[in-house]
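If you want the building blocks of each chain, they are given just below.
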Amino acid sequence: MNNHVYIITGVSGSGKTTIGQLLAAHLAYPFADADAFHPPENISKMSAGIPLTDADRAGWLLALNQYIRQQKNGLVLACSALKQSYRNQLAQGVAEDSLHWIHLYGEMDLVRRRMAERKGHFMPESLLVSQFDTWEKPDAGLLIPILQTPEEILRQIISTMALPTQWGLAGLGVMGLNLARNFARRGFALSLYNRHVSGTEEKVAEKAVNQYPELKEAQAFESLPDFVQSLARPRKILLMVNAGAAVDQVFEALIPLLEPGDVIMDGGNSHYEDTQRRQAEAAKHDLFFLGVGVSGGESGALNGPAIMCGGDAQAYAQVAAGLESIAAKDAGGQACAALIGPGGAGHFVKMAHNGIEYAEMQLLAEVYGVLRWDLGYTPDEVAEILTQWAENGLQSYLLEITIAILQRREGSDWLLDKISDKAAHKGTGSWASIAASELGAPLTMMTEALFARFVAALRDHRQVMAAAYTAPQHKVTLDKDDLKQAYQLARWVNHQQGFQFIQMAAKQYQWQVNLSELARIWTNGCIIRSELMQLAQEYLSDSPDLLLHPDLKNTVTALWPSLQRTVSALSFSSRAYPCLMSALAALNGSVTAHSAAHLIQAQRDYFGAHLYERVDDPSGKKYHTHWE
Ligand code: NDP
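Tracing the backbone shows D617 in the loop between β16 (612-613) and β17 (622-623). The side chain of D617 sits in the buried core without any salt bridge; K621 is the nearest counter-charge, 5.3 Å away. Within the structure, the side chain of D617 is placed 2.5 Å from the side chain of Y623, a separation counted as a polar contact.

Right, let's get into the site of the ligand. Lining the immediate environment of the ligand, one finds 20 residues, of which V174, M175, N194, R195 and Q249 sit closest. One of the side-chain N or O atoms of R195 is found 2.8 Å from an oxygen atom in the ligand. Contacts to the ligand include N242, whose side-chain N or O atom sits 3.3 Å from an oxygen atom. Taking 910 Å² as the accessible area of the ligand by itself, protein coverage stands at 78%. Of all elements in the fold, only α8 (174-185) and α11 (245-254) reach the threshold of two or more residues within the shell around the ligand.

Time to look at the domain arrangement of the chain. In many analyses, interface size is given as the accessible surface area lost on bringing the parts together. Per the domain assignment, the segments making up the chain are domain 1 (5-158), domain 2 (164-343), domain 3 (353-590) and domain 4 (594-628). If you average the C-alpha positions of domain 1 and of domain 4, the two centres end up 81 Å apart.

Further remarks concern the state of the cysteines. Counted under the stated rule, the structure contains zero disulfides. Of all cysteine sulfurs, the one in C336 lies closest to C309, which takes part in no disulfide; the gap is 14 Å. C309 sits in the buried class, given a relative accessible area of 0%.

What follows deals with α8. Taking 1.5 Å per residue as the helical rise, α8 with its 12 residues ought to reach 16 Å, and the 17 Å between its terminal C-alpha atoms agrees with that figure. Within the span of α8, buried status applies to G176, L177, N178, L179, A180, R181, N182, F183 and A184. Following α8 by one or two positions, G187 has its phi on the positive side, about 90°.

Below, the discussion takes up unusual backbone geometry. Glycine aside, a negative phi is what most residues show, and trans is what most peptide bonds show. In the segment running from R233 into P234, the intervening peptide bond is cis, with an omega of -10°. With respect to the secondary-structure elements, P234 resides in the loop between α10 (224-229) and β9 (236-239). Positioned with a positive phi, D286 is a non-glycine residue whose angle comes to about 60°. Locating D286 in the fold gives a position in the loop between α12 (272-284) and β11 (288-295).

Between helix α15 (residues 345-374) and helix α18 (residues 428-439), the least distance of the axes is 8 Å, while the angle of their chain directions is 110°. The angle between the axes of α15 and α18 places the two elements in the roughly perpendicular class. Seen from α15, the contacting residues are F348, M351, N354 and Y358; seen from α18, they are T428, G429, W431, A432, A435 and L439. Its residues assigned to classes, the contact of α15 with α18 shows seven nonpolar, three polar and no charged.

What follows is about the nonpolar core. One finds F348, L386, F499, F501, I502, L518 and W522 to be the most contacted residues of the largest nonpolar core, which totals 88 residues. The element best represented in this core is α15, accounting for 14 residues. In contact with L386, not counting residues within four places along its chain, are V367, L371, L399, T402, I403 and L406.

What counts, and at which threshold
- Residues numbered from 1 in each chain as written.
- Predicted model: local features only at pLDDT ≥ 70, side-chain atom pairs only at ≥ 80, totals over all residues.
- Heavy atoms only, no water.
- Helix = DSSP H or I, 4+ residues; strand = E, 2+ residues; numbered from the N terminus.
- Buried < 20%, exposed > 50% of the residue type's maximum accessible area, 1.4 Å probe, protein only.
- Lys, Arg positive; Asp, Glu negative; His and termini not counted.
- Salt bridge = Lys/Arg side-chain N within 4 Å of Asp/Glu carboxyl O.
- Polar contact = N/O pair within 3.5 Å; in protein donor to acceptor, adjacent residues only side chain to side chain.
- Near = heavy atom within 4 Å.
- Areas by Shrake-Rupley, 256 points an atom, 1.4 Å probe, with all protein chains shown as cover.
- Domains from an automatic or database assignment.
- Disulfide = S-S within 2.5 Å.
- Expected span 1.5 Å × (residues − 1).
- Axes fitted to C-alpha atoms, helices over the stretch in contact; angles between N-to-C directions.
- Parallel < 35°, antiparallel > 145°, perpendicular 65-115°, else oblique.
- Contact = heavy atoms within 4.5 Å.
- Nonpolar A, V, L, I, M, F, W, Y, C, P; charged D, E, K, R; others polar.
- Core = buried A, V, L, I, M, F, W, Y, C linked by side-chain atoms within 4.5 Å.

This is the structure:
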C-alpha cells in the first residue's frame with residue numbers, strides 16, 4: 001500500500017483538491033495539486049479567461065509525470081486530466097497496478113455555483129464551459145458524483161477501493177451500534193467488530209451492516225486480527241464493551257495486534273482508576289489509551305452524545321475530528337466533546353456526571369412524590385404542573401422525560417403505576433460516592449440519591465415494615481410554588497456539589513479541568529442537559545465556585561426561604577424526601593462559619609488523643625487536653 005498513486009480528476013470546482021487532501025490525510029500520503037505545476041504563462045492565459053491548448057498542456061503533463069514517477073512514499077494528486085490522452089501521458093512509465101484513478105463529475109450548474117463561492121483561484125468561471133467541452137468520460141477508474149459531502153465521497157472511495165477504513169468500533173451492543181450508525185451518517189468509513197459466541201452472538205457485525213442502510217459500506221468482522229488489519233494507521237479503535245473484565249479482555253487481545261501510535265478509546269463507563277492502569281499498560285507498548293465518557297443513552301449515541309475525553313493530548317488530536325463530528329452541538333454550534341484533561345479525567349467527570357444525574361432523578365422523584373401523595377394531584381395533573389415549570393425556567397431533559405412518563409397510559413391506567421419501585425443501579429453512583437469519600441468532597445445529595453435507591457431496592461423489607469408500622473399522620477400544607485423554588489435551589493446545590501467534587505479531584509490529580517467548558521459540553525447531548533447547565537457554563541466562567549457567583553448568590557438568597565418552608569412542611573410527611581432535605585442541610589452547612597464540629601474535635605481528642613487546633617492560635621499548632 002506504500003507506493004500507490006491516487007489521481008483525483010475533475011473539472012475546476014469539482015472539489016478534487018478537498019477530496020484529494022482528505023484522502024491523503026486518511027492514507028498518510030503526501031498530497032500535490034497539479035495546478036501548482038503550471039508554468040507562469042499558462043496561469044496568465046487562464047487568468048485572462050483563455051483556454052489552454054494541448055500544446056500549452058504538454059510541458060505541464062510532462063512535469064507531472066516526472067513528479068509522479070519520483071514519488072517513493074505514495075502520492076495523492078488532484079489534477080483536472082480532462083482528456084484520455086492527458087491521462088495516458090500522466091500514466092506513462094507508472095506501474096499499472098499502483099496507479100488508481102478517481103474521477104469526480106457533476107452537472108455544470110452545480111460546479112458553477114461552487115466556483116462562484118470560491119475565492120483566490122486564478123480560474124475564471126468563463127473557462128468552465130471550455131473545461132466541460134474538453135472533458136472526456138474516462139474508461140477506467142472510479143467515477144463519483146459530486147452531489148455528496150466530501151466525507152461521503154471519501155467513504156465511497158475507501159469502500160469501493162477497499163482502502164483501510166478510518167474508524168474501528170468494537171462491541172456492537174446498544175451504544176456501540178448506535179455510535180457506529182452516527183459515525184457512518186457523518187461520512188466515516190468504518191470497520192465493525194463484535195465477538196463470536198457460538199449459539200448466541202453470531203455474525204453480529206454482519207447483521208448490523210445488512211440491517212442499517214447507513215452501515216452498508218462498513219466492513220464487518222468477527223476476527224479481531226482482521227478487524228485491526230482493516231484500519232488505516234495510526235488506528236483509531238473505539239471499544240464499546242461492558243466496563244470491567246470485558247474491557248481488559250479486548251484491550252489485552254488488541255495489544256499484540258497494534259503498532260506504536262495506535263489509539264484505543266474506551267467509550268464505556270469504566271472506573272477512572274482502571275483507565276489510568278490501562279493507560280500505563282498501553283504506554284509500555286507505545287500505544288495510546290483514551291478514557292472516553294459518553295453520555296446521552298441510546299438516542300444520544302445515535303444523534304449526538306456529549307463526549308468527555310481523558311488522556312494524552314497528542315492522541316486526542318488524532319481522534320478529535322471524529323469524536324467532535326459525532327457529538328451533539330451546543331447552542332453556538334460547537335461540539336459537545338473535548339479533552340477534559342490527562343489520565344482518567346474523562347471517565348472521572350463521566351462518573352461525576354452520573355452522580356449529578358442520580359440526584360437530579362431523585363429530586364424529580366421526590367417532587368412527584370410530594371405532588372402526588374402529599375398534595376393529592378393525579379399523574380396527569382403533576383405532568384401539567386411540571387410542564388409549567390419547564391416553560392418557566394426549569395427546562396431539562398430529565399424533566400421532559402418525566403412529564404412524558406407521567407402521561408403514558410396503558411389502557412386506562414397510568415403505565416407508571418404498573419412499574420415496580422425496586423430501583424436498580426449500575427455502579428457509577430457508588431463509585432462517585434466512594435471517590436467523594438476518598439477526596440473529602442461533601443457529595444451529600446448524590447449519596448442520598450444513591451442510598452434512596454438502596455432503600456427502594458429493599459422492597460420486600462419495606463413491605464414488612466409498612467405492615468408493622470404506621471407513621472404519624474399529618475396533613476402536609478405546602479404551596480406548590482414553594483416546592484418549585486425548593487426544587488430549583490436543590491438543583492443548584494446538587495450542581496455546586498458536583499462541580500466542587502470535580503474541582504477537588506482535578507487538584508488532587510493535577511488535571512487542570514476547565515469547569516465552564518465542562519458545563520458547556522453538558523449543555524447538550526447528555527442526560528443532565530438543562531437550562532440550568534447553560535447558566536452554570538456562564539457562571540463558572542467567572543467563578544469556579546458556582547454559588548459564589550454574584551448572580552447566583554441573588555437567586556439562592558431569593559429561593560432559600562422556599563426550601564426552608566418545603567423541608568419544614570415535608571417533615572410532617574410519612575414519606576422520605578432525602579434529597580430535598582439534604583439540599584437544605586448542605587446549604588446551611590456550607591454557610592456556617594462556626595459549626596458544632598468543634599465538639600467532634602474535642603470528642604476525638606478525648607477518646608483517641610487525636611489532637612485539635614485552637615481558634616486563638618492561627619499557627620495551626622495541634623493541642624491535646626488531658627480530659628479525665
Ligand atoms: P450492551 O450490553 O448493550 O453491549 C455490550 C457489548 O460488549 C456487546 O457488544 C457485547 O458483545 C460486548 N462484550 C461484552 N463482553 C465482552 C467480551 N468479554 N469480549 C468482547 N466483547 C464483549 O452495553 P451498552 O452498549 O449499553 O454499554 C456499553 C458501555 O457503554 C458500558 O460500559 C455502559 O456502561 C456504557 N454506557 C451505556 C449507556 C447506555 O445508555 N446504555 C450510556 C453511556 C455509557 P456480545 O453482543 O457478544 O455480548
